[in-house]
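Letter by letter, the chains look like this.
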Amino acid sequence: MTTKKNFLIPPELVGYRLDAAIQKLLPEYSRAKIQSWIKDDYILVDGKNCVSKKKLIGGEVIIINIQKSEELKQFEPENIPIHVIYEDEDILVLNKNHGLVIHPAAGNWSGTLLNAILYHYPKNELLPRAGIVHRLDKDTTGLMVVAKNEAAQQNLVKQLQNKTVKREYRAIVWGQVWKNGNVKQPIGRHPTVRIKMAVNDIHGKPSLTHYDVLERFSHHTYLRCNLETGRTHQIRVHMNHIQFPIVGDPIYGIKKIISLKGLSESFKNTVFNFPRQALHAIGLGLVHPVSNKMMRWDIDLPDDMKKLLEIIRVEPIKEAKPSQRSDDKFKGQILYVKDNMDILDFDKE
């Protein structure tokens, strides 16, 4: 929605730049916003598009199509498809696609799961965060539960706080993981890079991730991960911390020597260019907030991770020298050191 305003440039604004003159006429809007409106042709001078630096001579007719603030779009219903796995009067369980942001925020004031829920379930407008009780990262796929009434939402929040909600993930990571284990390291905001989380012994919150080896390949491992806590980016941070980062992770990427000798082109093209973190919430278990029955949902891997596994499976395992780490933090994990190899310093951070 837009509001149209018309102005006649008065004599006292003669010689002003167009953007500066409009800010004088509309002081409630920043100059940067006015410049963006001019650039996007929302402002006309005598019926024509102009540039911000145009000097005014007085008497020009200015037509301004004032644009609704992006922030105000965050609670607007939007017809965004969602894949519902289960639904009753109290909850719905959905399979989130990759690329879908959960909550509106700077840079994503619209096009989110919250906007979609408000469209498909208008009554959720009355609930905090439209009934959303937990989140997945934008490019992580899989199962989420959403409340449909206040009682269900409060119950689910308590279950999450009490760590009784069971969340199972699948991850494809760099490196050969040789035994099951867990990572019990506190997670907090990264001390210098504010968009990242990190293992933080001073300000971090207790965090625990269990992982089990499902398949091991020449350069990768397919893992089952179970969470006992639900910190932001938890699995991604923990796997990066033990030096088995998730394939395709754009934030917690790898800095690792990788053998290129003998690798097939399909392998290199698929793995090095995988467009998101290979992480999927495959299982979800909870106590139904009304019936008190234990419920569990499981779904399949998304197609992109299936194709990634197909490529990785057929790549032959290279001969290697096992090298046991002495660091207690990595006790029991075996990494491989290869001789006389072509190398790639692959850093996606």
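This text follows the structure it describes.
Quick caveat: nothing in here was measured; it's all calculated off a predicted structure.

What counts and how
Residues numbered from 1 in each chain as written. Predicted model: local features only at pLDDT ≥ 70, side-chain atom pairs only at ≥ 80, totals over all residues. Heavy atoms only, no water. Helix = DSSP H or I, 4+ residues; strand = E, 2+ residues; numbered from the N terminus. Polar contact = N/O pair within 3.5 Å; in protein donor to acceptor, adjacent residues only side chain to side chain. Contact = heavy atoms within 4.5 Å. Axes fitted to C-alpha atoms, helices over the stretch in contact; angles between N-to-C directions. Parallel < 35°, antiparallel > 145°, perpendicular 65-115°, else oblique. Left-handed = near helix turned anticlockwise from the far one by under 90°. Nonpolar A, V, L, I, M, F, W, Y, C, P; charged D, E, K, R; others polar. Buried < 20%, exposed > 50% of the residue type's maximum accessible area, 1.4 Å probe, protein only.

A. Representation of the side chain of E168 within the structure. Relative to the helices and strands, E168 is located in strand β8 (residues 166-174). Here the side chain of E168 touches R170 through a polar contact of 2.6 Å, side chain to side chain. When sequence neighbours within four positions are dropped, the list of residues in contact with E168 reads R224, C225, N226, H280, A281, I282, G283 and R296.

B. Looking closely at the packing of helix α1 (residues 18-25) against helix α2 (residues 31-39). For the pair α1 and α2, the least separation of the axes is 9 Å and the interaxial angle reads 120 degrees. Compared by their axis directions, α1 and α2 come out oblique. α1 and α2 meet at a crossing whose hand is right-handed. Judged by residue contacts, L18, D19, A20, I22 and Q23 of α1 engage R31, I34, Q35 and I38 from α2. Here the contact of α1 with α2 is composed, by residue class, of 5 nonpolar, 2 polar and 2 charged.

C. Spotlight on helix α5 (residues 234-241). α5 sits mainly inside the fold: 7 of its 8 residues count as buried. Along α5, the residues classified as buried are Q234, I235, R236, V237, H238, M239 and H241. Looking one or two residues past α5, Q243 carries a phi angle of roughly 70 degrees, positive in sign.

D. Geometry of the environment of Y119. Its place among the elements puts Y119 in helix α3 (residues 113-120). Residue class for Y119 comes out partly exposed when judged on its relative accessible area of 40%. Taking the C-alpha atoms as reference, Y119 lies 8.0 Å from E76; in sequence the two are 43 residues apart. Beyond its immediate stretch of four places on either side in the chain, Y119 contacts P77, E78 and N79.

Structural measurements only, silent on function.
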